[in-house]
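Below are the chains, spelled out letter by letter.
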Amino acid sequence: MASWSDGIEPGLDLGTRELVITPDWIEKYAGSIDDRNPWYSVDSPFGGPIAPAAVFNYEMELFGGWHPPNIKGHILNTDQTWEFHRPMRPGQTILLKGRVHARYENRGREYISMEATAWDEDGQLLCRTVTTHAWPVQHADPGVEPAP
Amino acid sequence: MSVRSDELPVGFEVPAFGRSLTRAMAITHASPMKNFHTVLEDARALGYPDIVIAGPMFTCFFSEMFTRFFGAAWITGGTLQFKLVKPVFAGQTITARAVVTGREPNADGVRVELEAWCEREEDGARTCVGTAAVQLSA
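Residues numbered from 1 in each chain as written. Chains lettered and ligands numbered in written order. Predicted model: local features only at pLDDT ≥ 70, side-chain atom pairs only at ≥ 80, totals over all residues. Heavy atoms only, no water.

K.L.:
Can you walk me through the interface of chain A and chain B in this structure?
P.N.:
By a widely used convention, the size of an interface equals the accessible area lost when the partners come together. Residue-level contacts link 33 residues of chain A with 37 residues of chain B. Contact with chain B buries surface across chain A, with I33, Y58 and F84 of chain A losing the most and accounting together for 20% of the total. D79 of chain A is paired through a salt bridge with K83 of chain B; the nearest N and O atoms lie 2.6 Å apart. Applying the counting rule to chain A against chain B returns 19 residue pairs in polar contact (both at pLDDT 80 or more). Of all the secondary-structure elements, those providing two or more residues to the side of chain A that touches chain B are α1 (23-33) and β2 (76-84) of chain A. The biggest single contributor to the side of chain A that touches chain B is β2 of chain A, with nine residues. Across the side of chain A that touches chain B, the residue classes break down as 16 nonpolar, 10 polar and seven charged. With five bridges joining them, β2 of chain A and strand β2 (residues 79-84) of chain B adopt antiparallel strand pairing. Along β2 of chain B, the bridge assignment pairs D79 of chain A with K83 of chain B. (Contact = heavy atoms within 4.5 Å. Buried area = accessible area lost by both parts, 1.4 Å probe. Salt bridge = Lys/Arg side-chain N within 4 Å of Asp/Glu carboxyl O. Polar contact = N/O pair within 3.5 Å; in protein donor to acceptor, adjacent residues only side chain to side chain. Helix = DSSP H or I, 4+ residues; strand = E, 2+ residues; numbered from the N terminus. Nonpolar A, V, L, I, M, F, W, Y, C, P; charged D, E, K, R; others polar. Pairing = 2+ DSSP bridges.)

This is the structure:
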């Protein structure tokens, strides 16, 4: 298995962030897509408003510790995977846990996938996402073999 | 809102979700980051014609399309995976679309599988491509 001298490897714990789903956060989501679904402010089939399923869509970008220092060239988001398990509510406290899911090189680019899981205070899984970023390869780590 | 699985044959097109993406929407989405997703000068310095829309925006497009159509079933069991294959810039119009590609009966009803993509109005190009699935009661 490949290894990296910077220690950013699959399984690396990126920490746990305690987040409260505020009305401002939901409004930020709504403003991003210029759409105001009444499920998020008035009522939903779950009884009362819920948060958008993808309210965490940008949160992986805000975890630290997942990309090597001194990257030359900009980082591009290449893939996203999502599983939605339970509704989230405005005002709810969420624990968002991050870890490095995969790291590899392919065709001159280096890729890192990060997994985030969101949990409620009772330990129930609310959603899971894996997001992958890539940038031009800039080192020849002997532990890494480019994919054919 | 409740969609019945027998109303969704293979080939069924889910009602689309489209928006013209403004700089304000891009900045709202990617704030508080200061980079080529939020700062025009940063984008132009990298050779892009305008602010580059951050990839997670299209998770929102897909999820809103599926929330509107599948309702609670999406919130409690929807899955989505997609690749971002072309950059999208502020000022462009993007529409999320999906079509039913499979139906798999199971003990709980039917698992509906879909091809999903985002399409750029200006040239018809697919800017992200992927799949989704949702479990519906029979």
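From this point, the discussion proceeds with the structure in view.
K.L.:
Honestly, the layout of surface pockets in this entry has me stumped. Any pointers?
P.N.:
Here the idea is plain: a probe the size of a water molecule rolls over the atoms and shows the empty space left. Taken as a whole, the largest pocket encloses approximately 600 Å³ of empty space. What lines the largest pocket is a set of 33 residues, and nearest its centre among them are I75, L76 and N77 of chain A together with F36 and H37 of chain B. The set of elements that each furnish at least two residues to the lining of the largest pocket consists of β2, β4 (109-119) and β5 (125-136) of chain A together with α3 (56-70) and β5 (126-136) of chain B. It is β2 of chain A that provides the largest number of residues to the lining of the largest pocket, a total of three residues. Among the residues forming the lining of the largest pocket, the class breakdown is 20 nonpolar, 10 polar and three charged. (1 Å grid on protein atoms, 1.4 Å probe; cavity = no way out; pocket = protein on both sides within 12 Å on 5 of 7 lines; lining within 4 Å. Points joined across faces, edges and corners; volume = space filled by probe spheres on them.)

K.L.:
Would you take a moment to explain the packing of aromatic side chains for this structure?
P.N.:
Pairs of aromatic rings are described using the distance from one ring centre to the other and the angle between the two planes. Residues and elements named next belong to chain B. If you walk through the whole model with that rule in mind, you get 14 aromatic pairs over all chains. Arranged with centres 5.1 Å apart and planes meeting at 55 degrees, the rings of F62 and F82 form a pair that is tilted. Of this pair, F62 sits in helix α3 while F82 sits in strand β2, and the two are 20 residues apart along the sequence. The exposure classification of F62 matches that of F82, with both residues buried. (Phe/Tyr/Trp six-rings, centres within 6.5 Å; stacked < 30°, edge-to-face > 60°. Buried < 20%, exposed > 50% of the residue type's maximum accessible area, 1.4 Å probe, protein only.)

K.L.:
Help me out: how do you make sense of the side chain of T67 of chain B in this one?
P.N.:
Residue and element names in this part refer to chain B. Relative to the helices and strands, T67 is located in helix α3. Overall, T67 belongs to the buried group, its relative accessible area being 0%. Of the polar contacts made by the side chain of T67, one reaches the backbone oxygen of S63; its length is 2.7 Å.

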